[in-house]
Amino acid sequence: MDSVLGVTYKGGVILAADQGNARSILMYQKNLDKITSLSGHTALACSGPHADVVNFSEFIAKNIKLYEFSKDGTVLSTHAQANYCRNELAKALRKGPYQVNNLLGGFDKKAGGSLYFLDYLASLQKVNFGAQGYCGHFCLSIMDRDWKEGLTKDEAVEIIKHCINEIHTRFLIAQPNFIIKNIDANGVEIVSFGEDPASA
Amino acid sequence: MSILEYNGGAMIAMAGKDCVGIASDNRLGIQLQTVATDFRKVFGLNDKLFVGLAGLASDVQTVHQILKFRQDLYELREEREMTPSVLSNLLSNLLYEKRFGPYFVEPIVAGLTKENKPFLSGMDLIGAPVYTDDFVVSGTCTGNLYGM
């Protein structure tokens with residue numbers, strides 16, 4: 001039921017995810033942050049059962065950190081990190097699969113902002129914009145219409161806001177809180193949130 | 001819902017006079033939803049050898065990685081380029097190794113032999129090969145591609 005969205009622009013990527021943690025008829029939590037920073041210039045927006053989301057994103061983030069430590073500070077490109085995620089998912093697929101659908105966003109000096117669609121079966125594809133979950137049915141057509149080459153950060157955030165608005169209007173499941181993050185040359189920062197993930 | 005039809009794809013290869021051609025669609029779908037229109041399913045392993053992989057997108061990518069790895073190992077050990085018939089046989093073998101837990105891909109191999117003669121082969125997901133001298137098809141609309 002999670003909504004995960006991503007839009008690239010000239011100079012970075014915007015990732016957004018709903019903040020709900022629910023199962024069956026219960027809403028456990030409304031301030032969850034499903035977007036994990038993997039490195040200084042990349043983040044993974046992860047949707048699926050909470051256990052798999054946490055296990056997978058922490059596993060990947062720590063391994064990427066380990067690479068940086070062991071290779072004298074060498075930073076992995078977004079493309080490399082995305083392929084690393086894909087390979088871990090593919091390895092686990094026929095053993096004990098992670099049921100996580102991801103959007104991995106990052107900024108590299110040469111490639112600019114890039115977004116990778118990575119589904120639970122380990123299919124990886126670089127895209128200009130993307131959505132995971134039911135929200136795709138509402139939002140992909142909005143992004144098809146509004147996205148173009150050379151967007152600014154504010155225009156990209158506007159597209160995300162259009163999408164969230166559509167989800168609020170038409171999606172059956174109430175998802176009042178969304179967290180939006182921006183990844184650019186300055187790193188990963190929170191643009192806005194519905195409820196502070198740090199609040200107890 | 002069949003696993004081989006989950007992502008969708010159409011693949012065809014054909015032989016001509018001293019040449020081969022290979023073509024595929026570029027769609028990556030999740031059942032009825034289109035996720036991307038630039039998904040690569042045909043891979044040029046060298047100047048005279050192409051492999052098209054139709055089926056589950058994740059396995060298309062995994063099998064491509066494994067094939068590239070096996071080709072590199074072969075070329076390091078043999079110090080010569082891999083020919084299409086050798087690759088086709090290698091692919092068939094690696095698919096059958098997973099007989100009871102297969103890769104969900106149905107590959108086609110198109111290339112030119114050492115004498116620059118066309119080579120075509122197709123196989124099913126467990127590596128049963130078919131060698132033809134005219135054309136091979138694979139994917140979710142083989143009926144249409146055959147001409148029905």
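For the structure itself, consult the block above.
Criteria and cut-off values
- Residues numbered from 1 in each chain as written.
- Chains lettered and ligands numbered in written order.
- Predicted model: local features only at pLDDT ≥ 70, side-chain atom pairs only at ≥ 80, totals over all residues.
- Heavy atoms only, no water.
- Helix = DSSP H or I, 4+ residues; strand = E, 2+ residues; numbered from the N terminus.
- Rg over C-alpha atoms; globule rule 2.2 N^0.38 Å.
- Buried < 20%, exposed > 50% of the residue type's maximum accessible area, 1.4 Å probe, protein only.
- Contact = heavy atoms within 4.5 Å.
- Areas by Shrake-Rupley, 256 points an atom, 1.4 Å probe, with all protein chains shown as cover.
- Axes fitted to C-alpha atoms, helices over the stretch in contact; angles between N-to-C directions.
- Parallel < 35°, antiparallel > 145°, perpendicular 65-115°, else oblique.
- Left-handed = near helix turned anticlockwise from the far one by under 90°.
- Nonpolar A, V, L, I, M, F, W, Y, C, P; charged D, E, K, R; others polar.
- Core = buried A, V, L, I, M, F, W, Y, C linked by side-chain atoms within 4.5 Å.
- 1 Å grid on protein atoms, 1.4 Å probe; cavity = no way out; pocket = protein on both sides within 12 Å on 5 of 7 lines; lining within 4 Å.
- Points joined across faces, edges and corners; volume = space filled by probe spheres on them.
- Expected span 1.5 Å × (residues − 1).
- Arc of directions from axis to C-beta.

Along the backbone of chain A there are 4 helices and 12 strands. Since a compact globule built from 200 residues should have a radius of gyration of about 16 Å, the 16 Å found for chain A is in line with a globular shape. In terms of overall dimensions, chain A has a C-alpha envelope of 50 × 40 × 35 Å along the principal axes. Within chain A, the fraction of its 200 residues that count as buried is 52%. The contacts of chain A with a sequence gap of at least 6 include a subset with a gap of at least 24, amounting to 60%. Within the structure as shown, chain A displays about 9,800 Å² of accessible surface, and the carbon and sulfur contribution to it stands at 53%.

Next up on the list: the overall build of chain B. If you tally the helices and strands in chain B, you get 3 helices and 10 strands. The N-to-C order of helical and strand elements in chain B reads β-β-β-β-β-β-α-α-β-β-β-β-α. For a compact globule of 148 residues, the expected C-alpha radius of gyration is about 15 Å, and chain B comes in at 15 Å, within 12% of that figure. Evaluated residue by residue, chain B yields a buried proportion of 43% over its 148 residues.

Residues and elements named next belong to chain B. Running from N to C, helix 1 (residues 57-78) and helix 2 (residues 84-97) point in directions that differ by 125 degrees, and their axes come no closer than 11 Å. Regarding the angle of helix 1 to helix 2, the classification is oblique. Our pair here, helix 1 against helix 2, has a crossing hand that is right-handed. Facing Val63, Ile66, Leu67, Arg70 and Tyr74 of helix 1, the residues of helix 2 in contact are Val86, Leu87, Leu90, Leu91 and Leu94. Among the residues making up the contact of helix 1 with helix 2, the classes are represented as 9 nonpolar, no polar and 1 charged.

Residues and elements named next belong to chain A. Of all hydrophobic cores here, the largest spans 24 residues; its most connected members are Leu5, Val7, Met143 and Ile160. The dominant element in this core, judged by the number of residues it contributes, is helix 4 (residues 153-170), at 7 residues. Those residues in contact with Ile160 that sit more than four places away from it in its chain are Leu5, Gly6, Val7, Ile14, Ala16 and Ile180. Residues Ala90, Val100, Tyr116 and Ala122 belong to the second largest nonpolar core, which totals 21 residues.

Before going further, it helps to spend a moment on the environment of B:Glu115. If you trace the backbone, B:Glu115 turns up in the loop between strand 7 (105-112) and strand 8 (118-123). Sequence spacing of B:Glu115 and B:Gly143 is 28 residues, and the spatial spacing of their C-alpha atoms is 33 Å.

This part takes up unusual backbone geometry. For residues that are not glycine, phi is negative in most cases, and the peptide bond is trans in most cases. Look at A:Asp72: it is not a glycine, yet its phi comes out positive at around 55 degrees. Backbone geometry at B:Glu79 places phi at a positive 55 degrees, although glycine is not the residue there. Within the element layout of this structure, B:Glu79 appears in the loop between helix 1 and helix 2.

Space inside the largest pocket adds up to approximately 1,100 Å³. Lining the largest pocket are 42 residues; nearest its centre among them are A:Met1, A:Asp2, A:Ser47, A:Gly133 and A:Tyr134. When residues of the lining of the largest pocket are traced back to their parent elements, those giving at least two are strand 3 (21-23), strand 4 (26-29), helix 1 (50-70) and strand 10 (129-132) of chain A together with strand 4 (33-36) of chain B.

All names here are of chain A. Between its first and last C-alpha atoms helix 1 spans 30 Å; for 21 residues at 1.5 Å apiece the expected length is 30 Å, and the two agree. Within the span of helix 1, buried status applies to Asp52, Val53, Phe56, Ser57, Ile60, Ala61, Ile64 and Glu68. Angularly, the buried residues of helix 1 cover 140 degrees about the axis, an arc narrow enough to put them on a single face. Structural note: helix 1 exposes Lys62, Leu66 and Phe69 on the side pointing more than 90 degrees away from its buried face. In this fold, the buried residues of helix 1 make contact with strand 5 (35-39), strand 6 (42-47), helix 2 (78-93) and strand 7 (101-108). Positive phi appears at Asp72, one or two residues downstream of helix 1, with a value of about 55 degrees.

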